[in-house]
Amino acid sequence: MDIPLHQRGRASIDFVAAVGAATRQGRAAVAGELLAVGVGDAVLTGPLPERCAAFDDAVARTPSYAAFAALREWGYAHHGRIAMEAFDEVREGVAPALDALRHGPTTLEPTLGDDVPAYFRGVAFHRTGCWDAHDYMGAVHGEIIHRRLVGRNFGGDIYAQRRSMLDELRRPAYARILELGTSSGNFTVALAQRFPAATICGVDPSLRMLEQAQRVGNELGCAWRLYQRAAEATGFDDGSFELVAGYSLLHELPQPVLRAVLREAFRILEPGGELLLGDVVPYLAQDPLAQAWADHEARHGGEPYWREACSVDLAAAASAAGFESARYFFAATPRRFPFILHACKPLAAGRTGP
Amino acid sequence: MSGIEHGPGTATVPGTATGSTEERWVPALLTMARELWVLKDRQRVLEELLAAKGVVAPGEADAWQPDPGRQAAIDGECQAFVQRLVAEILPRAPREGRDARGAR
Ligand SMILES: C[S@@+](CC[C@H](N)C(=O)[O-])C[C@H]1O[C@@H](n2cnc3c(N)ncnc32)[C@H](O)[C@@H]1O
């Protein structure tokens, strides 16, 4: 679904993308300066908060930091607003088609009302504005921010890495699939392409993002069933699904919620069912310097739960939730992204948790 | 979401605002550079349309869309434009930036 922008919006997005590339160069300069003064894995010792504080101190003293931080800050502070402005310039022209795409085989049940989780409501994730910040936020995020900015600056094909994650699954087909954190439907598309005969359900607390997933589903002629619900309280019956899958949800969750999501996934999977979740690289797979960088960038980039989510060993957490054969590993993609959790509900398992 | 509390997370950890000179003037510079880039891009689009048709109808410049090859070329130009700015901002400017200035 292409949203052609007017000249001002198009050129502005090009500019934001170029500032993003320059910011990465600035980061590389800072990283080099840090190593040059001996700040590396060997000196970053002690508990994580202390290591991160020591890193913050050292990084702020590098010659290039102030300039790098100012570039980074401009991108974070402005990208969401500029994307919304770019959309608003073309709104009159594109809204009728976007509204028409709300009708079709993909259904959307707006169920949460005022029960949107407190850790979620009004939080400006990624400093874009909260997931419901614009009346067409799903289109703004999916088609402008994700496709035109993240897609250009992430490196590698951001859609292909969703598809290749599915190679980790055990079965050639699944009849009933639930996606957690559907957002604008990028991973839902990958699931639907790989498993065209499956009934695909999706949950996400953000109604604006789900509206875009609905448009994407309808444009493809898919009959997805989307629900405005949280992954830790899906409302589905025990044993409803053969596969529960998600992409880039977990790092957006406070730790207790993340553990609750695993328990809920276990409950709604049928015995023998599979769990497949792809997300950012956790701290257990990073050296101290990489951890400190990731933590630092997360704090500046509007990732309020990053540290606590990345501190969990999801294989152990999945086992504690009752899963077996839990594996937690780097994707076999060129960028080694995402980091993947794959686990199975034992065939002998009862319908509820251990 | 009653009953679920935050873990020992980073939700309330503030950023490390330094109040540096860069923090004050880089945003202004970039905001102005965005406007300049929009105008440079618009001028290029108008020149192209004029060269092709001799006249530009209202809305045509807004509606103009690059094909993927064109977009890649524009991205290259835009990155070079931002690069020239950044070369002035970062103490260790990227080599290409310095060389480009030196060559002129
Ligand atoms: C990075 S996006 C997901 C990306 C998406 N899966 C894709 O492939 O593009 C994170 C999404 O998680 C959703 N989210 C946050 N908390 C959630 C929860 N408790 N349950 C389900 N989804 C949640 C957000 O609303 C947001 O849409």
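The rules behind each value
Residues numbered from 1 in each chain as written. Chains lettered and ligands numbered in written order. Predicted model: local features only at pLDDT ≥ 70, side-chain atom pairs only at ≥ 80, totals over all residues. Core = buried A, V, L, I, M, F, W, Y, C linked by C-beta atoms within 7 Å. Buried ≥ 20, exposed ≤ 12 C-beta atoms within 10 Å, placed from the backbone. Helix = DSSP H or I, 4+ residues; strand = E, 2+ residues; numbered from the N terminus. Contact = placed C-beta atoms within 7 Å. Domains from an automatic or database assignment. Axes fitted to C-alpha atoms, helices over the stretch in contact; angles between N-to-C directions. Parallel < 35°, antiparallel > 145°, perpendicular 65-115°, else oblique. Left-handed = near helix turned anticlockwise from the far one by under 90°. Nonpolar A, V, L, I, M, F, W, Y, C, P; charged D, E, K, R; others polar.

Colleague: Help me out: how do you make sense of the nonpolar core in this one?
Modeller: Considering soluble globular proteins, one finds that nonpolar side chains tend to be buried as a cluster. Ranked by internal contacts, the top residues of the largest apolar core, which has 114 residues, are Val244, Leu275 and Ala318 of chain A. The element best represented in this core is helix α3 (residues 65-100) of chain A, accounting for 13 residues.

Colleague: Explain helix α6 (residues 186-194) of chain A to me, please; I cannot follow it from the model alone.
Modeller: In an α-helix, one turn spans 3.6 residues; hence positions three or four apart end up facing the same way. Along α6 of chain A, the residues classified as buried are Phe187, Thr188, Val189, Ala190, Leu191 and Ala192 of chain A. Against the buried residues of α6 of chain A lie α5 (160-165), β2 (176-180), β3 (199-203), α7 (207-220) and β5 (241-247) of chain A.

Colleague: Sorry if this is basic, but what is going on with the domain arrangement of chain A here?
Modeller: How big an interface is tends to be expressed through the accessible area that disappears when the partners come together. Residue and element names in this part refer to chain A. Looking at chain A, the domain boundaries give domain 1 (7-104 + 135-151) and domain 2 (157-344). A C-alpha centroid distance of 23 Å is found between domain 1 and domain 2. Facing the 24 residues of domain 1 at the interface are 23 residues of domain 2. Of all the elements in the fold, those that place two or more residues in the side of domain 1 that touches domain 2 are α2 (48-60), α3 and α4 (137-153). Per-element accounting of the side of domain 1 that touches domain 2 gives the leading share, eight residues, to α4.

Colleague: Sorry if this is basic, but what is going on with the interface of chain B and chain A here?
Modeller: Each partner contributes to the interface: chain B provides 41 residues, whereas chain A provides 40 residues. Residue assignment for the side of chain B that touches chain A shows that the elements contributing at least two residues are α1 (21-53), α2 (60-63) and α3 (68-89) of chain B. Counting residues per element, the side of chain B that touches chain A draws most heavily on α1 of chain B, which supplies 11 residues.

Colleague: Would you explain the packing of α3 of chain A against α4 of chain A in this entry?
Modeller: Residue and element names in this part refer to chain A. One way to put it is that α3 packs onto α4 with a least axis distance of 9 Å and a crossing angle of 125 degrees. By the angle between their axes, α3 is oblique relative to α4. Helix-helix and strand crossings are classified by hand; for α3 and α4 the assignment is right-handed. On the side of α3, the interface is formed by His79, Ala83, Met84, Ala86, Phe87 and Leu98, while α4 contributes Ala139, Val140, Ile144, Ile145 and Leu149. Residues that form the contact of α3 with α4 fall into these classes: 10 nonpolar, one polar and no charged.

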